[in-house]
Amino acid sequence: MVHPVFIDKKSVSVYFGLWILIMGVHFSIYYFAYLFPIEISLADSLVFNSIFCGIGITLWYVARYSTPDQKNIGNVILNHLAFLTISLVVWTGASYTILSVLFQDDKNYLTFLLNSIPNRIFSGSVFYVLLALAYYFYIYYQNFQEKIKSESRLRELLKETELNMLKSQINPHFLFNSLNSISSLTITNPEKAREMVIKLSDFLRYSVSSNINQFTTFSNEIANIKRYLEIEKVRFGDKLQFSFNLDERCQNYKIPPMLLQPLFENAIKHGVYESTEQVNITMDCNSDDCCMEIKIRNDFDPNAHARKGTGLGLNNIRERLRLLYHAKQLLKTSVEGNKFFVYLTLPNIDKPEKKSIQ
Amino acid sequence: MSIRTLLIDDEQPARDVIKHYLKDFENITIIGEYSDGFSGLKAIQELKPDLVFLDVQMPRLTGLELLELLEHPPLIIFSTAYDQYALKAFEMNAIDYLLKPYSKERFVQSVQKALAMVGKDIKPNAQVENLVKSLDENPEYLQRIAVKSRHKVSVVPVDDIFFMEAEGDYVMLHTSDAKHLKEKTMKYFEIHLDPSQFIRIHRSFIVNAKFIDRIEYYDKETYAVILKNGTKLRASTSGYKLLKQVLNM
C-alpha cells in the first residue's frame, strides 16, 4: 500500500497544509496570548511542529506493519506504546536542545520551555493517537475497497463462465446442421432419422440440465461425448473416426459436467470441418488416487489456414478449472505435425484421506 | 433444355436432401457432387454448370471464397446453417440463400427463381441495401483471402500480408515471399480488414501494422513507413494522421 501522504500532490499538500495551519495556531497562541517575542514564538512553533510532522510520516510504517486483528491486539498496543515513547523522547529532546541553544540568554523562556514539557507530552500523545487512527481508517478503507473489487471480479467471472457454458452447450450451427441431417434422413433412412432425433434430444437434455457447479461422473460425461460424436458422424460419415481408450478406474471419477464437450467440439471444428482427409479423434484416460490424466488427440490439416479460433473455448476451460480446483496448469495443449493434443489433469475430489478417516 | 447442376457441400445428408427435392424438376440434371471448396471450384471451371448449390463452411475454401474466384459465375444458390453470410452472398449476386434446414416449399421457390433466370443475362435483384447497413453495424473482418494465379488457387492468411498496393483495377498483396493479384478495390479492403491492424497510409497503400519497423520523416509533410523486411512506403498527410491514431503515437 502506498503511503497515504504521498499518493499524489493533493495528499501531500493536505498533510503539510494541516501542519502549517497547526504551526499558525501554535504561533498565534505564543505571540498573542503568552506575549513571547516574535522570533521565539516562530522558532518554538517551527521546531516542535516540523519535527512532529516528520514523526507523523514515519508513524505510517508502524501502523501499516502492525495492523490489529483479534489475535494480536496486545502486540499492536505494545508496538505503539514503544514507538510513542521513542517519538516523544526524540521529539521533546531534540526540540528542547535546539531551542535552548538558540535562546540560551532568555532565562524567562528557558524556564517556560522546561515547565511546558509535560503539557507538550500530553498534546503530542493526542496528536499521535489521532494520526494513528487516521492511518488505520485509511488502511481499512483500502482493504475494504480491494475486497469489494476482487469479489465483484470473481462474480463477474463466474457469470461469464456460466454464460459461455450455456453458449457452448448449444452451438446453433451444430444444432441446425444436425436438424438438416435429420431432415435428409427422414427421406433416405427414416429409422436412422429417429435414432438421431433421440441422440440429439439426449445430448440437448444433458447440456441443458447439467448444473455447471455440480460434479458428474466421468462415465456420464463420456456418454454425452459419444452421443455428440455419433451425431457429427452422421453428418460427416467416414471422414470422422473416433476411439476411446479409458481406464476402468476413470469411470466413477467425479468431473465438472460439459468440461470435455468443448474440447471435442474444437477437435471437430479445427479437424473435421477444415479437412478433406479422414480425421481421427482419440481419447486416453488414466487415473490413480491423486489425479486423472486425460489425453485427447485429433488430426488436422496444417495447410488449411483455418479461421483462427478466438482461443476463448480453451481459455474458458482453463478459467473454469482454476475456479473449481484452485490450481493452474491443469490444461495443456501441443501440436506435433498434423496432430493436436490436449492434456488435462483433474485432481481427485474424493480424496482417499477422507475415506481413511471414516 | 436441360439445366446442368452441381452440388457442393461437405455433408452427404445435406446433398441428399437437395437431390431428393430436385427429383421433381425434370429439366434439372445433376452433373456432379463435391465435398470441398477446391474440387468444387475446379469442377465449376471445367464443367461450366448452369446452376450450383453451394455450402459456405467447407474445408480448404469456403463457398464465398470460391464464388469470389469465378470470373463468370453460374447461378448460385447458397445453402448453409450460418445466417451471418447472407449479406455477402447477395453482394456477390447469389440468387438465394437457403438456411438449413429448409422446407421443400422454400427450396422450390428458390429453384423457380433460378429457372426464370437461366439463359438470361440479368443480375438478381436482392435486398442488398438494407443488408449493407446491417453489415456496417456488425462487421466481421476478413481473416484470409483466396487468390488465383494462372494454374493455382491459394489461400493467404491476412496476417501474412505485409502491405497492399493499388494496381489499377486490382490490388497487389505483398507477403514475405510472394505477391498475389486480387480483383478488388482498395476501398473494399479498407472496409473488410480489421482497421486496428490494416491502415490505409496512402491512396495506393494499405499497411499491416504488425510489420511496421519504424516511421521516418521524409520531407514536407510526407513520411516514410519502413517495414520489417526493409520495404519503404510513402504515407500521405492523412495517412500519417491515421497511422498515429491507430498506433497511439
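Everything below is about the structure shown above.
Let me begin by describing the structure that accompanies this report. (Residues numbered from 1 in each chain as written. Chains lettered and ligands numbered in written order. Predicted model: local features only at pLDDT ≥ 70, side-chain atom pairs only at ≥ 80, totals over all residues.)

Re the overall build of chain A
Threshold: Numbering goes from the N terminus for both helices and strands, where a helix is a DSSP run of H or I of at least four residues and a strand is a run of E of at least two. Remark: C-beta atoms are placed from the backbone, and a residue is labelled buried if 20 or more other C-beta atoms sit within 10 Å of its own, exposed if 12 or fewer do, or partly exposed between those counts. Two residues qualify as a contact pair if the distance between their C-beta atoms, derived from the backbone, is within 7 Å.
Check the secondary structure of chain A and you find 10 helices and seven strands. Here chain A, with 358 residues, has 25% of them falling under the buried criterion. Within chain A, contacts between residues separated by at least 24 positions form 71% of all contacts whose residues are at least 6 apart in sequence.

Notes on the packing of helix 6 (residues 190-209) of chain A against helix 7 (residues 218-236) of chain A
All names here are of chain A. We count it as follows: A fitted line through C-alpha atoms represents every axis, and for helices the fit uses only the stretch in contact; the resulting angles, taken between N-to-C directions, go from 0 to 180 degrees. To sort the angles, those under 35 degrees are grouped as roughly parallel, those over 145 as roughly antiparallel, those from 65 to 115 as roughly perpendicular, and the leftovers as oblique. Handedness of a crossing is defined here by the sense of rotation of the near helix relative to the far one, left-handed for an anticlockwise turn of less than a right angle and right-handed for a clockwise turn. Residue classes follow a fixed rule: Ala, Val, Leu, Ile, Met, Phe, Trp, Tyr, Cys and Pro count as nonpolar, while Asp, Glu, Lys and Arg count as charged, and any other residue, Gly among them, counts as polar.
Between helix 6 and helix 7, the shortest axis-to-axis distance is 9 Å and the interhelical angle comes to 140°. Judged by the inter-axis angle, helix 6 sits oblique to helix 7. With respect to the hand of their crossing, helix 6 and helix 7 are arranged in left-handed fashion. In contact with Met196, Lys199, Leu200, Asp202, Phe203 and Tyr206 of helix 6, helix 7 contributes Asn224, Arg227, Tyr228, Glu230, Ile231 and Val234. Residue composition of the contact of helix 6 with helix 7, grouped by class: seven nonpolar, one polar and four charged.

A few points about the sheet that holds strand 2 (residues 28-34) of chain B
Residue and element names in this part refer to chain B. What counts is decided by this rule: Two strands are said to pair when DSSP picks up at least two bridges between them.
In space, the five strands of this open sheet follow the order 2-1-3-4-5, with parallel pairing throughout. Of all strands in the sheet, those with a lone pairing partner are strand 2 and strand 5 (96-99), marking the two edges. The sheet shows a mean angle of 20° between the axes of neighbouring strands, taken without regard to direction. On the sheet, helix 1 (residues 12-22) packs against strand 1 (3-8), strand 2 and strand 3 (51-54) and is oriented at approximately 170° with respect to strand 2. In this fold helix 5 (residues 104-117) packs onto strand 3, strand 4 (75-80) and strand 5, with an angle of close to 165° to the strand it touches most, strand 5.

Concerning helix 1 of chain B
What helix 1 of chain B keeps buried is the set B:Pro13, B:Ala14, B:Arg15, B:Asp16, B:Val17, B:Ile18 and B:Leu22. Buried residues along helix 1 of chain B sit against helix 5 (172-188) and helix 7 of chain A together with strand 1, strand 2 and strand 3 of chain B.

As for the interface of chain A and chain B
In this assembly, 23 residues from chain A lie in contact with 19 residues from chain B. Those elements that place two or more of their residues in the side of chain A that touches chain B are helix 5 and helix 7 of chain A. Per-element accounting of the side of chain A that touches chain B gives the leading share, 11 residues, to helix 5 of chain A. Partitioning the side of chain A that touches chain B into residue classes produces eight nonpolar, 11 polar and four charged.

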